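Chain by chain, the residues:
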Amino acid sequence: MNRIVIVGGGAGGAELATRLGNKLGKPGKAHITLIDANRTHLWKPRLHEVAAGALNADADELDYAIHSRDHHFHFKLGVMSDVDREKRQVVLAPYFDGGQQLLPERRLDYDYLVIAVGSQTNDFNTPGASEHCIYLDSRQSAERFHTEFLNVYLRASMHAEEDANHQTFDIAIVGAGATGVELAAEIHHMAKELVHYGFDGIRPENVNITIVEAADRVLPVLSERASAAIHRQLASLGITVLTGEMVTEVTADGLHTKSGKVIPAKLKVWSAGVKAAEFLKDLAGLETNRVNQLVVEPNMQTTRDERVFAFGDCASCLLPGKERPLAPRAQVASQQATYLAKLFVGLLNGKDMKPFEFRDKGSLVSLSTEGSVGNIMGNLSKDFTFEGKVARFLYVSLYRLHQKTLHGSFTTLLLMLRDALSTKTGSRLKLH
Ligand SMILES: Cc1cc2nc3c(=O)[nH]c(=O)nc-3n(C[C@H](O)[C@H](O)[C@H](O)COP(=O)(O)OP(=O)(O)OC[C@H]3O[C@@H](n4cnc5c(N)ncnc54)[C@H](O)[C@@H]3O)c2cc1C
């Protein structure tokens, strides 16, 4: 029986493992294994909500072991460190938990290998960035931001009540891409909510949020119209946006820009770029680009080994007739997962697949949940925007589609009901 091993169960890999488990694992046509460095999956585009405390990651995570049983694939906890292409084996590094080695180095045989290990923050080696900034690229870092954010409030609560008028809290975010913009809006919302929960040492109007962007406008990947609308909404929330400013150094006290500006900040987040993990750079002689992404053909096969595939953020896929490779987005990873599931079913039946075609459904940016603060959809080819409740609905739909692929329509409906009920009955914020 063919062994298909998928490494990385994120926005793309979790969907692929589920689809292949249902289609090939269940009828016993292939042995599907998913390897992930973590025990649970959390949809990455929700990390800014975890950081702001608007989402309790424990309540929303998917347990790989349970999911694999329900969808007829096998789950292995482990961190891929290498590939032995000659022996067709994935090498998993010794696994540590709490400083103790839990598992030794292991090797897993494959007939087809699919790498979907995602990406991480690229700070372009800016001095002080890794030391002083939080990178919003993992659940752990989002939770760290949340804790540090609340700790500032706890410290402020030590002061006398009348001092709350004078306490300020400066937060700086490097990068006005979707992550930076969405995080800024969530923090603004959080600051307004916290006073109702006894975190009243700092007044919401004294929380100063600054976004610093090197390009000349926010969300440069969107149309100018969508970008301008987002800029206006950020300004209406009192969020400062500095465009055309390149951060050259980060210190404990704040950001320094090329033009000589100093932006004071207690909390600093770097969300200005992504790159694939370093270990991919020299992985088994496979071709990579300057940000360590594995270069793949339009059918996701790596250029030097037809048995090794890669997709999502860790792959660079240039489609015929296009000038640039596909962007690192959840939408791309999800469509590639759907394509690969069909490709493997066809492959095992001796059928060829046409190259992948990407259908851009536009980009949505969530500017928190407040009625007056909407979301915007920009699409380069059509250039139209949605704001307010319609856009909010569309934004949430993206996540619901991911859940539908993982759990099916009925369970997704139940999850939607659960979320609606918990919003009505429980706290809207995570305060620990
Ligand atoms: C805060 C934030 C907001 C975003 N908002 C949006 C948005 O609104 N719309 C959008 O389209 N995109 C958004 N993105 C981008 C989107 O999250 C990514 O494009 C998408 O998650 C990529 O999917 P992936 O499957 O390639 O990787 P990921 O979802 O990152 O999954 C990678 C998986 O691989 C595992 N892994 C990593 N290394 C190893 C290893 N060595 N061995 C084993 N397992 C490993 C990880 O644990 C993880 O489960 C956002 C990203 C962030 C950080």
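These figures come from a predicted structure and were not determined experimentally.

*Asks:* Just to check I follow, could you spell out the nonpolar core for this structure?
*Replies:* One broad trend across soluble globular proteins is that nonpolar side chains are buried collectively. Residues Val 90, Ile 115, Leu 340 and Phe 344 are the most contacted members of the largest nonpolar core, which totals 55 residues. The element that contributes the greatest number of residues to this core is helix 9 (residues 330-348), accounting for 7 residues. Contact partners of Leu 340, with chain neighbours within four places excluded, come to Leu 16, Val 114, Asn 299, Met 300, Phe 309 and Phe 311. Listed in part, the 45 residues of the second largest apolar core include Ala 142, Val 152, Ile 171 and Ile 209.

*Asks:* Help me understand the packing of helix 6 (residues 139-156) against helix 7 (residues 178-194) in this model?
*Replies:* Two quantities define a packed helix pair, namely the angle between the helix axes and the distance between the axes. Two numbers describe how helix 6 lies on helix 7: the axes approach to 12 Å, and their chain directions differ by 40°. Compared by their axis directions, helix 6 and helix 7 come out oblique. Here helix 6 runs over helix 7; the crossing is right-handed. In this structure, helix 6 uses Phe 145, His 146, Phe 149, Leu 150 and Tyr 153 to contact helix 7, whose residues at the interface are Ile 187, Met 190, Ala 191 and Leu 194. Tallied by class, residues from the contact of helix 6 with helix 7 come to 8 nonpolar, 1 polar and no charged.

*Asks:* Whenever I open this one, the side chain of Lys 268 confuses me. Can you help?
*Replies:* As for its position among the elements, Lys 268 is in strand 20 (residues 267-270). Buried and unpaired, Lys 268 has no salt bridge, with Asp 253 as the nearest side chain of opposite charge at 6.7 Å. When residues no more than four places from it in sequence are discounted, the contact partners of Lys 268 are His 132, Cys 133, Ile 134, Ala 172, Val 250, Thr 251, Ala 252, Gly 254 and Leu 255.

Basis of the calculations
- Residues numbered from 1 in each chain as written.
- Predicted model: local features only at pLDDT ≥ 70, side-chain atom pairs only at ≥ 80, totals over all residues.
- Heavy atoms only, no water.
- Core = buried A, V, L, I, M, F, W, Y, C linked by side-chain atoms within 4.5 Å.
- Buried < 20%, exposed > 50% of the residue type's maximum accessible area, 1.4 Å probe, protein only.
- Helix = DSSP H or I, 4+ residues; strand = E, 2+ residues; numbered from the N terminus.
- Contact = heavy atoms within 4.5 Å.
- Axes fitted to C-alpha atoms, helices over the stretch in contact; angles between N-to-C directions.
- Parallel < 35°, antiparallel > 145°, perpendicular 65-115°, else oblique.
- Left-handed = near helix turned anticlockwise from the far one by under 90°.
- Nonpolar A, V, L, I, M, F, W, Y, C, P; charged D, E, K, R; others polar.
- Lys, Arg positive; Asp, Glu negative; His and termini not counted.
- Salt bridge = Lys/Arg side-chain N within 4 Å of Asp/Glu carboxyl O.

This is a description of form; function is not addressed.
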